[in-house]
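# Overview (structure and organization)
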Amino acid sequence: MLYKLLRKNRFFPLMFLLILSGSKCEAKDDIFIRLNQHGYLPGDIKTAVIISNEVLSGKQFSVLSSGKAEKSFTGLVGQSLGTFGEFKYSYQIDFSKLKKRGNYKVVLGSNRTAGFSISNNIYNEVVDTLMQFFKIQRCGYTNPSYHDICHKYDATSLIINGREIAEKYDVSGGWHDAADYVKFINTTAYSVYTMLFAYDFDRKKFGFDNDKNGVPDIIEEAKVGLDWLLRCNYKKYQLITQVQDLRDHDVGWRLPEDDPMEDERPAFIGIGKNLVGIYTATMALAYRIWSEKYDNNNFANNCLTAAENIYSVRNSAQDIDTTGTGHYRDNEYKGKLALGAIEMYITTQNDSFLEEAIKYANEAGSDYWWSWGNINSYAHYRIAKYKPEFANYIKNNLDVFYDNSRKKTFGEGVAPAWGSNNTMLGVTLQSILYDDLKNTNKYDSLAVTQRDYVLGRNQWGISFVEGIGKRSSRNFHHQISFLKTKRLPGGFAAGPVSKEYLDSQNIPFENPDEYKRFQTDEAVYRDDRMDYITNEPTISANATAIFVMGYYSSR
């Protein structure tokens, strides 16, 4: 590891600070400039945060064109925003007026940042990188990347009402959910829906076809999940909710093709109104895309039939599915059921579906969050196309996020919790939806601040997307990337949590904390492969990120 290598060098203390800051002057003056390391669109709001133990108010900063001595923009540092962690002062600088395309560095005295770009297509690369993660997560005969065909016999038994029966059933394929090799219907359906929704939202931006096979990459990847979801329709009115149990976590780190549990991977059978909602929504939207674009009536009709069958049991199903190991269990169902109903209405034009969507969505209300389990804004957005007042539910969320952001040095719209990066980009996603409904830029600064946070404008000065930015997450809690000793293209770290919560997990970290001086009680992040809380990538977070970064792309 880098830390261990540096310890062998007698100049370690200075070198370590240089790496953290990105320049020798930042280390010397104890000044750290945090910004979006990847770059900005020409018309973006462009800000950076400075944390320092030195008074900087009134000092001039410049934005230099890389490779040139000329100043492209100059400004003055304003008053301190207050203390931050162990730093006495914090500041925000704004260089939004700089719109010229090019490569730049921010300079403050003898301190300078790593280079970043201003360009119309700066986010195309981020989307392409995030997409690669799904190929690594592929399971079964799906042409995976970085590993061989795996888990060919899913499922080797079935668990119904807590009782395991010796019946095999084909639920091969799909994606591993995260670092482990378990597959979940809830997060898979969320990820597929989000990719299909992105394509439906803007077919030009999300219609990119990098492998030039005639099918948009996002649709091609979504179908990997769709095929698995169709297999999960175990019987007409039942679903496979999870493949593999917690034994997956007990056998140590291994490549998926070397899994000693290959012949012991049960599947759980269940149903709940929460799963009815997200499953129906995904299948109904898939029907429209495949029937309209690909004229594949057989596949499209299979999706619609599955949606109709599962939605038909909404009233008899329990509220929340309780099968499986307890992972990804929803707290409520009405938002997802509203989403299923509105997608069925858009697909069939049956007014009864719209009536139900309105009922469930009103009861769900604003959820003031975003995650695989808190997606009420998807339903409110769809319904608002017919009933504009439903946009107010999204606005309620955004107003709270905006108030939170104004109180934070780095502008986070939500408090750190497990999966915080997904939630922060969910704030941006909801801003995008509201802007589309109301044609407003009211929440643009909120949206961009969350986007920039995950790309480096945070207290650690790290981009949470592997390979994006000068300094990004690398030591993911991810078996394949670690055992293959390769990078994890598109790896997107889960993000910070509170110190109290991370400490409570008693994680046996592999390396000393290289970000120690930047940690606070409110937010802690560890770039350590043993950290399954802040440094594990998931398919659901990547799906959210693909939509957000794709929105800022220029396809």
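Reading the values: rules and limits
Residues numbered from 1 in each chain as written. Predicted model: local features only at pLDDT ≥ 70, side-chain atom pairs only at ≥ 80, totals over all residues. Heavy atoms only, no water. Helix = DSSP H or I, 4+ residues; strand = E, 2+ residues; numbered from the N terminus. Buried < 20%, exposed > 50% of the residue type's maximum accessible area, 1.4 Å probe, protein only. Polar contact = N/O pair within 3.5 Å; in protein donor to acceptor, adjacent residues only side chain to side chain. Contact = heavy atoms within 4.5 Å. Pairing = 2+ DSSP bridges. Axes fitted to C-alpha atoms, helices over the stretch in contact; angles between N-to-C directions. Parallel < 35°, antiparallel > 145°, perpendicular 65-115°, else oblique. Nonpolar A, V, L, I, M, F, W, Y, C, P; charged D, E, K, R; others polar. Phe/Tyr/Trp six-rings, centres within 6.5 Å; stacked < 30°, edge-to-face > 60°. Salt bridge = Lys/Arg side-chain N within 4 Å of Asp/Glu carboxyl O. Expected span 1.5 Å × (residues − 1). Arc of directions from axis to C-beta. Disulfide = S-S within 2.5 Å. Left-handed = near helix turned anticlockwise from the far one by under 90°. Core = buried A, V, L, I, M, F, W, Y, C linked by side-chain atoms within 4.5 Å. pLDDT = per-residue confidence, 0-100.

A word on the side chain of Gln459. With respect to the helices, strands and loops of the structure, Gln459 is situated in the loop between helix H14 (444-454) and helix H15 (479-483). Here Gln459 falls in the buried class, since its relative accessible area comes to 1%. Polar side-chain contacts of Gln459 include one of 3.2 Å to the backbone oxygen of Ala523. In contact with Gln459, other than residues within four places in its own chain, are Arg34, Ile51, Phe84, Phe410, Phe518, Gln519, Thr520 and Ala523.

On the basis of which strands lie adjacent, the open sheet formed by 3 strands has the order S1-S3-S6 and antiparallel pairing. The two strands at the open ends of the sheet, each matched to only one other strand, are strand S1 (31-34) and strand S6 (89-94). Looking at each pair of strands side by side, their axes are set apart by 20° on average, direction ignored. As paired elements, strand S3 (residues 47-52) and S6 share 6 bridges and run antiparallel to each other. Residue pairing across strands places Ile50 opposite Tyr91, the latter belonging to S6.

Right, let's get into the packing of helix H11 (residues 376-384) against helix H13 (residues 420-438). Close contact between H11 and H13 brings their axes to 10 Å; oriented N to C, the two are set at 10°. Viewed along their axes, H11 and H13 adopt a mutual orientation that is roughly parallel. Residue-level inspection shows Ser377, Tyr378, Tyr381 and Ala384 of H11 in contact with H13, the latter providing Leu429, Gln430, Leu433, Asp436 and Leu437. For the contact of H11 with H13, a count of residues per class yields 6 nonpolar, 2 polar and 1 charged.

This next bit is on H11. Since the α-helix advances by 3.6 residues per turn, residues separated by three or four positions end up pointing in the same direction. Most of H11 sits inside the fold, with 9 of its 9 residues counted as buried. Residues of H11 that are buried include every one of Asn376, Ser377, Tyr378, Ala379, His380, Tyr381, Arg382, Ile383 and Ala384, and no others.

The subject of this paragraph is the packing of aromatic side chains. Scanning the model with the defined rule gives 40 aromatic pairs in all. Plain terms: the ring middles of Phe84 and Phe410 are 5.1 Å apart, the flat faces sit at 75° to each other, and that makes the pair edge-to-face. Separated by 326 residues along the polypeptide, Phe84 in the loop between strand S5 (71-76) and S6 and Phe410 in the loop between helix H12 (391-406) and H13 bring together distant segments of the chain. The class for Phe84 is buried, based on a relative accessible area of 13%.

Turning our eyes to something else, we now look at the sheet that holds strand S12 (residues 183-184). Strand order in this open sheet of 5 strands is S11-S10-S14-S13-S12, and the pairing throughout is mixed. Looking along the sheet, the strands with just one partner apiece sit at the ends: strand S11 (163-165) and S12. Here strand S10 (residues 157-160) pairs with strand S14 (residues 266-270) via 4 bridges, running parallel. By the bridge assignment, Ile160 is partnered in S14 with Ile269.

We now examine the pattern of salt bridges. Scanning the model with the defined rule gives 35 salt bridges in all. Within this structure, Asp154, Lys183, Asp248, Arg254, Asp259 and Arg265 form a network of salt bridges that share partners.

With 14 residues, helix H10 (residues 351-364) should reach 20 Å at 1.5 Å per residue; the first-to-last C-alpha distance of 20 Å fits that figure. Those residues of H10 that sit buried are Phe353, Leu354, Glu356, Ala357, Tyr360, Ala361 and Ala364. Down the axis of H10, the smallest arc covering the buried residues is 165°, so these residues share one side. Just beyond H10, the residue with positive phi is Gly365, at close to 65°.

Note that Arg382 resides in helix H11. Note on Arg382: relative accessible area 9%, which makes it buried. Side chain to side chain, Arg382 and Glu343 meet in a polar contact 2.8 Å long. Apart from residues lying up to four places away in sequence, Arg382 is in contact with Tyr193, Phe197, Asp200, Leu285, Arg288, Leu339, Ile342, Glu343 and Ile346.

Turning to the state of the cysteines, a few remarks are in order. A complete count under the given rule lists 0 disulfides for this structure. Note on Cys232: no disulfide assigned, nearest cysteine sulfur contributed by Cys139 at a separation of 11 Å. Residue Cys303 stays outside any disulfide, its sulfur separated by 13 Å from that of Cys232, the closest cysteine. Residue Cys303 is classed as buried on the basis of its relative accessible area, which comes to 0%.

This paragraph deals with unusual backbone geometry. One can expect most non-glycine residues to show negative phi and most peptide bonds to be in trans. Look at the link from Asp154 to Ala155: it is a cis peptide, with omega at -5°. Located in the positive-phi region is Asn506, a residue other than glycine, with phi close to 50°. Within the element layout of this structure, Asn506 appears in the loop between helix H16 (499-504) and helix H17 (539-551).

A separate point is the packing of helix H9 (residues 334-348) against H11. For any two helices packed against each other, the geometry is given by the interaxial angle and the distance between the axes. Across the interface, H9 lies against H11 with an axial gap of 8 Å and an inter-helix angle of 30°. Viewed along their axes, H9 and H11 form a crossing whose handedness is left-handed. Residue-level inspection shows Gly335, Ala338, Leu339, Ile342, Glu343 and Ile346 of H9 in contact with H11, the latter providing Asn376, Tyr378, Ala379, Arg382 and Ile383. Across the contact of H9 with H11, the residue classes break down as 7 nonpolar, 2 polar and 2 charged.

Quick look at the nonpolar core now. Counting 135 residues, the largest nonpolar core has Leu196 and Tyr378 as its most contacted members. Looking at this core, the element that brings in the most residues is helix H7 (residues 273-293), giving 11 residues. Tyr378 has contacts with Tyr190, Tyr193, Thr194, Phe197, Leu339, Trp370, Leu429 and Leu433, leaving out every residue within four places of it along the chain. Membership of the second largest hydrophobic core comes to 20 residues, among which are Tyr40, Ala48, Phe95 and Leu108.

Summarising the sheet, S10 and S11 pair through 3 bridges and their orientation is antiparallel. Across the sheet, the residue bridging to Ile159 is Glu164, located in S11. A loop of 2 residues connects S10 with S11, the two strands running antiparallel in sequence, and Asn161 in this loop sits at a positive phi of about 55°.

For the rest of this paragraph, the subject is the confidence of the model for the chain. On average, the chain scores 93 in pLDDT, and the residues at 70 or more come to 94%. Predicted confidence for residues 1-28 stays below pLDDT 50, and this span has 38 contacts to residues more than four positions away or in other chains.

Consecutive side chains along a regular strand alternate between the two faces of the sheet. Within strand S13 (residues 239-243), 5 of the 5 residues are buried, which leaves it mostly tucked inside the rest of the structure. Sheet topology places S12 next to S13; 2 bridges connect them, and they run antiparallel. Paired with Phe184 across the strands is Gln242, a residue of S13. Where S13 meets S14, 4 bridges bridge the pair, whose relative direction is antiparallel. Counted as the bridge partner of Val243 is Ala267 from S14.

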